[in-house]
Each structure stands twice: as structure tokens, then as C-alpha cells.
Amino acid sequence: MGKLKNFYEGKYARYVLPGVLLQSVLIGGGYATGREIYSYGAKFGSMGWIAGLTIGIGFALFAFLTFEICRIYKVYDYKNYIQKVIGPLWPVMDILTVLIAILLIAVMAAATGSIFEQAGMPNILGSVVIVLICGFLNFKGSKLIEKFESVGTILLYGGYILFTILVIVNKGSNIPKVFSTMDTSAYDGSVTIPLCIYTGILYVAYNINAIPMGMFSLTRQTKRKETFISGMIAGLLMVIPWFLSYFAMMCFYGDTSIVGADVATPWVEMIEAVHGGPVLLAVFSIVMGWTLVETATGCIHMIIDRFDVALEEKGAAKLTDAKRGIVTVATLIGALILSRIGVVTLIEQGYTYLSYGFILFYLLPTLLVGGYRIIRNWNK
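Residues numbered from 1 in each chain as written. Predicted model: local features only at pLDDT ≥ 70, side-chain atom pairs only at ≥ 80, totals over all residues. Heavy atoms only, no water.

Asker: Where do I start with the packing of aromatic side chains in this structure?
Answerer: Each aromatic ring pair is described using two quantities: the centre-to-centre distance and the angle formed by the ring planes. Summed over all chains, the structure comprises 13 aromatic pairs. Here the aromatic rings of Phe163 and Trp267 are separated by 6.0 Å at their centres, their planes lie at 55 degrees, and the arrangement is tilted. Placement of Phe163 in helix H7 (residues 142-171) and of Trp267 in helix H12 (residues 266-273) is noted, with a sequence separation of 104 residues between them. Trp267 carries the same exposure label as Phe163, and that label is buried. (Phe/Tyr/Trp six-rings, centres within 6.5 Å; stacked < 30°, edge-to-face > 60°. Helix = DSSP H or I, 4+ residues; strand = E, 2+ residues; numbered from the N terminus. Buried < 20%, exposed > 50% of the residue type's maximum accessible area, 1.4 Å probe, protein only.)

Asker: Got a minute to help me understand a nonpolar patch on the surface in this structure?
Answerer: Taken together, the side chains of Leu61, Leu360, Leu364, Leu367 and Leu368 define a hydrophobic patch exposed on the protein surface, amounting to about 440 Å² of accessible area. For the nonpolar patch, the element with the most residues is helix H15 (residues 343-376), which contributes four residues. Residue position: Leu364 is located in helix H15. Taking the relative accessible area as the measure of exposure, Leu364 reaches 38% and is therefore partly exposed. (Patch = residues over 30% accessible without salt bridge, like charges linked within 9 Å, V, L, I, M, F, W, Y side chains within 5 Å. Areas by Shrake-Rupley, 256 points an atom, 1.4 Å probe, with all protein chains shown as cover. Salt bridge = Lys/Arg side-chain N within 4 Å of Asp/Glu carboxyl O.)

Asker: In this structure, what is going on with the packing of helix H11 (residues 224-250) against H12? I would like to understand it.
Answerer: Packed helix pairs are specified by the crossing angle of their axes together with the interaxial distance, meaning the distance between the axes. In contact at an axis separation of 11 Å, H11 and H12 are set at 50 degrees when each is read in the N-to-C sense. Here H11 is positioned oblique relative to H12, judged by the angle of their axes. Here the hand of the crossing between H11 and H12 comes out left-handed. When H11 is examined against H12, the residues Ser245, Ala248 and Met249 are found in contact with a partner set consisting of Pro266, Trp267 and Met270. (Axes fitted to C-alpha atoms, helices over the stretch in contact; angles between N-to-C directions. Parallel < 35°, antiparallel > 145°, perpendicular 65-115°, else oblique. Left-handed = near helix turned anticlockwise from the far one by under 90°. Contact = heavy atoms within 4.5 Å.)

Asker: Could you clarify how one ought to interpret unusual backbone geometry in this entry?
Answerer: If you check the backbone angles, Lys74 has positive phi at about 55 degrees while not being a glycine. When you line up the elements, Lys74 lands in the loop between helix H3 (48-73) and helix H4 (78-86). Taking relative accessible area as the criterion, Lys74 reaches 61% and is therefore assigned exposed. Phi angles above zero are rare outside glycine, and Met182 is one such case at about 50 degrees. Along the chain, the position of Met182 falls in the loop between helix H8 (174-180) and helix H9 (193-207).

Asker: So what exactly am I meant to see when it comes to the nonpolar core here?
Answerer: As a rule of thumb, nonpolar side chains are buried together in soluble globular proteins. Core analysis: the largest hydrophobic core is formed by 97 residues, its most contacted members being Tyr31, Tyr81, Tyr203, Trp242, Trp267 and Tyr362. By size, the runner-up hydrophobic cluster in this structure holds eight residues, among which are Ala13, Leu17, Val20 and Tyr157. (Core = buried A, V, L, I, M, F, W, Y, C linked by side-chain atoms within 4.5 Å.)

Asker: What am I meant to see in the environment of Lys147 here?
Answerer: Relative to the helices and strands, Lys147 resides in helix H7. On a C-alpha basis, the gap between Lys147 and Leu21 in space is 9.7 Å, while along the polypeptide they are 126 residues apart.

Asker: Sorry if this is basic, but what is going on with the side chain of Asn174 here?
Answerer: Tracing the sequence through the fold places Asn174 in helix H8. Under the relative-accessibility criterion, Asn174 is labelled buried at 16%. A polar contact is formed between the side chain of Asn174 and the backbone oxygen of Cys251, at a distance of 3.4 Å. (Polar contact = N/O pair within 3.5 Å; in protein donor to acceptor, adjacent residues only side chain to side chain.)

Asker: Explain H9 here, please?
Answerer: With 15 residues, H9 ought to run about 21 Å at 1.5 Å a step, and its terminal C-alpha atoms sit 21 Å apart, in line with that. Regarding H9, the residues found buried are Cys196, Thr199, Gly200, Leu202, Tyr203, Val204, Ala205, Tyr206 and Asn207. A side-chain oxygen of the first residue of H9 lies 3.2 Å from the backbone nitrogen of Leu195; this N-cap is Thr192. (Expected span 1.5 Å × (residues − 1).)

Honestly, it's all geometry; don't read function into it.
Here is the structure:
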């Protein structure tokens, strides 16, 4: 038991845990329904992998840059971090971060409600369970959140691998056809390499808020070697589910009733198309519910941390457990109301608009200003 604890607090916490937390927050809004993968890559068919490669490189690069800036300046919340790279414009990130957090939860709530219904369970049941679990996790604090999301990563990867294998075994013969014919027919327009790269950048931009949400775990990192390796691991963990979903979708590429512009939850359609049955759909519902809890917990934990930092700066006490619960419930209710708009609209419009904001106020400053400061402090 002691060795396991030492491993968890040692190499695992320094190298792997930051990536696990980022992936846990990202996977709900970035992968769970499958709609996100379609919109940001799979619709390009045989050329969609270029967007995926861009996403993997982008996440690894910005995870490393962020981790390293946090290590050098010993800042572990997004306000103090963003002040280092955009100075007095930092309040803009407050607005963007809260908006994307609520939007991520809304997307997951809309998708989970739909999946619960298809699995024969009440829509409202999923919402109630999620509110209770998120409230409990944020009540207990960061240590339990770390453990919950570490276990969740194992569950999620196991689920995604299972679903992907099932789909490929049954319908995998369509994948060689898509690539041999260079099929890009699901996209209404000309598919080019620059377009795929640009789409990958947009995906990284709207999901980049996952990195600040895991900053509380970076306090254990003391060397550049740790920030570099953990950044690469984070990039890998964040893109593997993307490619699993992408290749599963290539099994049905051309069938717009399963992988098409109007399909809200492609994963559900794919599982039903290979006759996964009610048991597999129930398993997928559980996995989806877990991803929502992970994403919502990470988003809310970040908002609560932001409140605590602001209170400390004013010399006041941190939020009480009761107030943490109020923030959690208020955020979830706001997201549940927003979720009524629908998955497709939220992803196609909400994510894209917010991506531009994160490019201007996070990606470019982190790359240019943050990169300069890392070079200037290279000997630290």
C-alpha cells in the first residue's frame, strides 16, 4: 500500500496525472457523443486524420508550454497564469472560461439525456444523478477529484476501445474503401490540407480550457523534464480517443444516417448499427454519464478555485462547503437550461465562436509571450 501511495504521489503525479486530468475534462465536451469528432475532422473522410494529427501536436505543445510557465512562476490557477501571458487583459479569460465551462456541461447534458432515453431510462434521472455526484466531489475537494478522474480514465479508455473494436470488426471493410478512393463526400466543399489543419487548430482552441482546469495538480512538478514529458503524455492521452472515434466513423463514412451533418450522437447510431443491443447501450450510457461528471466536475472545480483566489487576494476566507455547493448547483442548472438548445447547434456554433476567443487570448499569447518567457528563464 505504501509503495502504491509513493508511486501515486511520485512519478504518476508528476508525469501522468496532469494529462489524466486534462483528458478527463476534455473527453466530455470533446469526444463523448462522437458529434465533436465528426464536426472537427471525420467529415473530411480520408483526409480527416490530418486534423487529428494537428490536434495531437497542438495539445502536446500547449500542455508543455502551460506546465512549464506554471513551474517557472509557481502559478497554479488560470488567473495568475493568464496574467503572465496577456497582462491586464486577463478578465477576458474569466468570461471565456466560464462560458466554455457552462457550454461543455450543456453539450454533455443534452447528449446524456438523449442517450438515457434511448437506453430506456428517464432523461431527468441522468441530470439528478450528475448534480448529486458533482456536488459531492466538489464538496470533498481536489484529492478525491484526482482519484475519481484517474479511475474514470481507465473506464473511459476501456469503453472506447471496446466500442471501436466492435464497430471495426463488424464494419471495418469500409475503411480501406474510404482511403483508397480518397472519399471526402460528407463535406460539402473542397477538402484541403490547410482546411484540415485549421479545423484541428479550432478544436484545440475550444478545448484548451481543459489545461487550466488541471493546474491544481501541477504543484508537484519541479523540473523541465517533468513538464516536457507530462506535456507529451497529455497530448497523447487527449488524442487517442479522437482517433478511435475517427476510425470507427470511417466504417460508416458515406452513410449520412449514421455519420452525417444532422446526427447528434454518432456513437449511439454506430452501436445500434452493429446490433450492440440494450446491454451495450446501457454500458455506453454509464460511460457517457461518467464523462459528463468528469467534465462538469473539472469545470466547476476551476470556477470554485477562481473564486477562492479572488477571495484570498482580498484577504477574505475561501468559500465554505455550503457556498461551494451553491456554485456547483447554480452552474449545473445554467448548463441544463442551455442544453435545451441541442447538441448539434451547441457544437457547430457555440464551440466555433469561443474557439476564436481562445486563439486570441490563450493560444497566441501562450505561444509567443509564454515561449519567450520560457526561453528567457531557460536555466530555472
